Amino acid sequence: MNLVCHLRKRRVARVIMAFTLLSACFTTLSPSAAAEEGIGELLDKEQIGGDLEQLQENLDALKARKIRINEAEPDALRELPWLNSGDISSLVEARRKKGAFVSLKELGDIIGKEKTARIAPYITFAKKTRLPSPEKTKPLTGSFSSRVLWDTTPRDGLSDGRYPGDHFKLYNRLQLDYGNFQASLVHDKDIGEPDVADFVSLSISASDIGIVQQAVLGNYRLNFGQGLLVGQSRFMSKGSEPSNSVRIGSKRLSPFASSSEYGFFQGAAATLDLKPLEVTAFWSANLVDARNTTGKITSFDEAGYHRTMRERTRKDNVTETLYGASVRYRFASGAVAGTAGASWLRYDYGEPLEVLGSVDGSSSLGGLECDLSIGRLGFFGEAAWSEKPNGSVSWIAGLDYQVLPKVNLLFAVRDYDPGYYSPFAGAFAERGDNASNEKGCYIGIEGTVGSTVSMGAYVDWFRFPKLDPDPKVYAYPSSGYDTRFFLAWKQSSMVTWNLQVQHKEKEDVLKQCPGGAGSCSSSEKKYAPLPMVTDRFRLDCDIDVSRRVHLRTRGEVKRVVEDFLAGDETYYGWLLYQQANFRTGRFGLKGRFTLFHTDDYDAAIYTYEDDLPLVFNSTAFSGRGKALFLVASWDVSKNMKLAGKFETTWYDDRDVYSSDDDERDTSAPGSFHLGCSLRF
């Protein structure tokens with residue numbers, strides 16, 4: 001649970017830090033290297049986003065309670081992020097026609113050897129039994145994770161006292177499993193935060209006990225339909241599996257065991273399996289950070305930082321309460337199967353919300369959902385209603401179809417009303433995910449040619465009824481589109497190429513001089529749309545030199561054209577990196593050297609960087625310079641792993657890094673990371 005201990009003494013902070021460092025030498029969870037690298041691969045291809053720590057936690061939970069591949073419904077198979085809609089359709093159809101699978105080879109013949117290897121740790125061919133025999137009851141198992149991070153150059157906020165905490169970021173996680181029960185305790189403190197126990201999260205859960213499919217006491221997350229009503233675990237995004245990017249693929253109820261300080265509920269929830277009905281009921285009273293100095297809540301602070309006095313006054317200053325229920329009906333007859341459901345909840349913040357008209361702080365939400373499959377054709381959709389501010393409805397509907405055995409097509413239409421509001425939405429969208437103020441039409445296709453080539457592409461047309469919802473800014477319509485093409489070619493057993501090309505046209509809003517004047521005073525500037533055109537080209541070459549050595553070379557170029565009233569401005573950016581991964585016995589080493597040059601932050605280039613277990617980073621390179629990171633790991637024993645990382649960037653176009661309280665008096669910022677893993 002969100003427990004807060006106000007421990008102010010620096011001596012206590014040092015004790016906790018010392019404990020963390022000792023823990024890093026003797027403990028932490030060691031996830032499967034293949035699975036974790038698989039998630040990193042998805043992130044690197046821009047397939048997934050959001051709270052990836054929670055995604056890894058969900059997958060770790062699946063290792064203990066594997067998906068029964070011969071009994072699992074399609075929504076359960078979607079919890080495996082490597083499977084697309086076509087894969088799931090093929091597996092269900094093969095199971096219906098030929099009976100139960102008995103080997104990984106059978107799965108490999110359907111979805112490919114690589115995907116089969118990725119999902120193997122999370123599936124079982126065994127059938128579910130009513131009650132396990134006493135001698136087969138699993139013993140108590142667990143893990144403890146710990147890591148610490150610090151900068152090579154202190155931040156200004158630490159030097160001048162505006163950050164009263166210390167130089168270290170600390171993280172600890174304890175997880176216990178006993179049969180059908182699980183408990184997770186997470187502790188996190190950021191650099192500069194004075195409270196050593198700034199964030200503590202606890203969840204206790206039980207699963208598969210009679211009619212109880214899942215029950216959680218403490219912190220948890222919910223996902224209904226396509227995330228319009230509640231979607232706290234949307235991980236898939238517009239990526240190289242276009243046929244699977246729209247649907248949400250997470251469990252309806254799951255324990256929360258992440259260090260993210262926003263986007264979860266705190267209380268109690270349970271899902272009951274009352275075949276053919278599935279019922280989920282929930283209640284929550286959670287403390288959240290809000291900006292409410294004007295007597296109303298203008299926004300929520302999702303960053304989770306509590307360093308400066310202003311940030312600390314916002315900490316847990318509003319209580320978010322809610323309760324509700326969801327009912328889903330399952331049906332199946334031959335090749336036809338699906339679900340239909342309805343959900344309702346009511347929330348209250350105890351203070352007026354600006355988005356609700358600055359009068360009410362509470363509202364009700366309701367939604368209808370369906371998911372239907374007929375052979376290779378699938379239909380999904382959700383419509384959600386918000387009582388306030390004006391009783392609006394948002395909806396999304398889509399079709400997916402397996403055109404050929406390994407060619408999958410998805411088409412989806414969305415219409416999110418500007419008056420719809422859900423604080424808990426996680427919808428598929430171009431801009432924001434709150435299922436509001438956006439219309440769109442998406443079509444994506446992906447497939448394989450033989451055993452060496454795979455391709456994918458999508459086009460997403462979108463329209464914002466209001467470019468900026470604030471009538472004082474620019475509350476007028478705006479349209480645009482985004483298209484990408486992906487190609488992967490396995491040239492040989494050693495060499496693989498990956499190509500990605502993107503073109504996007506989209507408008508932003510900016511204060512500009514009217515009439516295209518070159519210069520004017522700030523008082524003369526008016527809000528106006530700023531059309532932006534983005535073109536991006538990326539090429540990767542992966543080489544397996546041997547079983548121990550893997551090389552990756554990446555080149556990426558980007559062009560951004562911004563059409564100001566005074567004329568066009570064009571910005572360019574490029575990036576080149578070389579990475580080498582080495583593994584021998586119990587030791588592993590990864591290193592990457594990067595060169596980059598961008599004309600403006602709008603031309604920044606994003607890349608995924610390897611890190612410690614349960615840490616997933618996507619770095620934005622802007623400006624001119626070079627960067628280096630090194631990650632080393634040592635499997636001390638079967639159940640114990642140590643890891644460390646050093647990273648630094650040398651900038652050629654600045655003397656200081658960052659700004660305000662986070663400014664560092666150096667052109668070469670860096671950081672050290674230490675962590676460790678133990679399973680018992």
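Residues numbered from 1 in each chain as written. Predicted model: local features only at pLDDT ≥ 70, side-chain atom pairs only at ≥ 80, totals over all residues. Heavy atoms only, no water.

Chemist: Describe the overall build of the protein, with residues and values.
Modeler: Assigned secondary structure in the protein consists of nine helices and 31 strands. Pairs at least 24 residues apart make up 61% of the contacts formed inside the protein by residues separated by at least 6 positions. Roughly 30300 Å² of accessible area belongs to the protein as shown, and the carbon and sulfur atoms make up 59% of that amount. (Helix = DSSP H or I, 4+ residues; strand = E, 2+ residues; numbered from the N terminus. Contact = heavy atoms within 4.5 Å. Areas by Shrake-Rupley, 256 points an atom, 1.4 Å probe, with all protein chains shown as cover.)

Chemist: So, the nonpolar core: which residues are in play, and what are the values?
Modeler: Within the largest apolar cluster, 41 residues are counted, with the highest numbers of intra-cluster contacts made by Phe 300, Leu 345, Tyr 347, Tyr 349 and Phe 424. Elements represented by at least two residues in this core include exactly β7 (212-222), β9 (265-274), β10 (277-288), β13 (318-333), β14 (336-348), β16 (377-386) and β18 (407-416). Residue contacts for Phe 300: discarding those within four places in its chain leaves Tyr 262, Val 288, Asp 289, Ala 290, Arg 291, Tyr 349, Leu 353 and Tyr 421. If you look at the next biggest cluster of nonpolar residues, it comprises 24 residues, including Leu 55, Leu 83, Ala 94 and Tyr 122. (Core = buried A, V, L, I, M, F, W, Y, C linked by side-chain atoms within 4.5 Å. Buried < 20%, exposed > 50% of the residue type's maximum accessible area, 1.4 Å probe, protein only.)

Chemist: Could you give an account of the state of the cysteines, with specific residues and numbers?
Modeler: Going through the model one piece at a time under the given rule, you end up with one disulfide. Sulfur-sulfur distance for the disulfide between Cys 513 and Cys 520 comes to 2.1 Å. In this structure the cystine formed by Cys 513 and Cys 520 twists about its S-S bond by roughly -95°; its chirality is therefore left-handed. (Disulfide = S-S within 2.5 Å.)

Chemist: Could you give an account of helix α5 (residues 85-98), naming the residues involved and the relevant values?
Modeler: Its 14 residues give α5 an end-to-end C-alpha distance of 20 Å, which sits within 8% of 20 Å, the value for a rise of 1.5 Å per residue. For α5, the buried fraction is high: ten of the 14 residues fall into the buried class. Against the buried residues of α5 lie α4 (74-77), α6 (104-111), α7 (113-119), β17 (393-404) and β18. Downstream of α5 by a residue or two, Gly 99 has a phi angle that is positive, lying close to 95°. (Expected span 1.5 Å × (residues − 1).)

Chemist: A description of helix α3 (residues 52-64) should follow, citing residues and the corresponding values.
Modeler: Taking 1.5 Å per residue as the helical rise, α3 with its 13 residues ought to reach 18 Å, and the 19 Å between its terminal C-alpha atoms agrees with that figure. Within the span of α3, buried status applies to Leu 52, Glu 53, Gln 54, Leu 55, Gln 56, Glu 57, Leu 59, Asp 60 and Leu 62.

Chemist: Would you mind going over the confidence of the model for the protein in detail, with residue names and values included?
Modeler: Parts of the model with low pLDDT should not have their predicted coordinates read in detail. In this model, the protein carries an average pLDDT of 87, and 89% of its residues clear a pLDDT of 70 or more. Counting interchain partners and residues more than four positions distant, the pLDDT-below-50 stretch residues 1-35 has 96 contacts. (pLDDT = per-residue confidence, 0-100.)

Chemist: I'd like a description of the side chain of Arg 536, backed by residues and values.
Modeler: Among the structural elements, Arg 536 can be located in strand β23 (residues 526-544). A distance of 2.7 Å separates the side chain of Arg 536 from the side chain of Gln 500, its partner in a polar contact. (Polar contact = N/O pair within 3.5 Å; in protein donor to acceptor, adjacent residues only side chain to side chain.)

Chemist: Quick rundown of the packing of aromatic side chains? Include the residues and the values.
Modeler: Under the criterion given, the structure shown has 24 aromatic pairs. Ring geometry for Tyr 220 against Phe 265: centres 5.8 Å apart, planes inclined by 55°, an arrangement best described as tilted. Of the two residues, Tyr 220 sits in strand β7 while Phe 265 sits in strand β9, which places them 45 residues apart along the sequence. Like Tyr 220, the residue Phe 265 is buried in the burial classification. (Phe/Tyr/Trp six-rings, centres within 6.5 Å; stacked < 30°, edge-to-face > 60°.)

Chemist: Which residues make up the pairing of strand β3 (residues 141-151), and what are the values?
Modeler: Counting buried residues along β3, nine of its eleven residues qualify, which places the element largely inside the surrounding structure. The pairing of β3 with strand β4 (residues 168-178) spans ten bridges and is classified as antiparallel. When the sheet's bridge partners are listed, Arg 147 is paired in β4 with Tyr 171. Of the pairings in the sheet, the one linking β3 to strand β31 (residues 670-679) comprises nine bridges and is antiparallel in character. Opposite Ser 146, over in β31, you have Cys 676 as the bridge partner. (Pairing = 2+ DSSP bridges.)

Chemist: Break down the packing of α5 against α6 for me, with residues and values.
Modeler: In contact at an axis separation of 10 Å, α5 and α6 are set at 130° when each is read in the N-to-C sense. Regarding the angle of α5 to α6, the classification is oblique. Considering how the two elements wind past one another, α5 and α6 form a crossing that is right-handed. Here Asp 87, Ser 90, Leu 91 and Ala 94 of α5 come into contact with α6, specifically with Leu 107, Ile 110 and Ile 111. Tallied by class, residues from the contact of α5 with α6 come to five nonpolar, one polar and one charged. (Axes fitted to C-alpha atoms, helices over the stretch in contact; angles between N-to-C directions. Parallel < 35°, antiparallel > 145°, perpendicular 65-115°, else oblique. Left-handed = near helix turned anticlockwise from the far one by under 90°. Nonpolar A, V, L, I, M, F, W, Y, C, P; charged D, E, K, R; others polar.)

Chemist: Could you give me a rundown of the environment of Gly 338, with the residues and numbers involved?
Modeler: Take Gly 338: it is sitting in strand β14. In this structure, the C-alpha to C-alpha distance between Gly 338 and Phe 380, residues 42 residues apart in sequence, is 9.3 Å. The contacts of Gly 338, once residues within four sequence positions are left out, are Tyr 329, Arg 330, Phe 331, Asp 371 and Leu 372.

Chemist: Give me a nonpolar patch on the surface: which residues, what numbers.
Modeler: On the surface, a nonpolar cluster with roughly 970 Å² of combined accessible area is contributed by Val 449, Met 455, Phe 485, Val 501, Phe 537, Leu 539, Val 557, Trp 574, Leu 576, Phe 593, Leu 595 and Trp 650. As for its position among the elements, Phe 593 is in strand β26 (residues 587-598). (Patch = residues over 30% accessible without salt bridge, like charges linked within 9 Å, V, L, I, M, F, W, Y side chains within 5 Å. Salt bridge = Lys/Arg side-chain N within 4 Å of Asp/Glu carboxyl O.)

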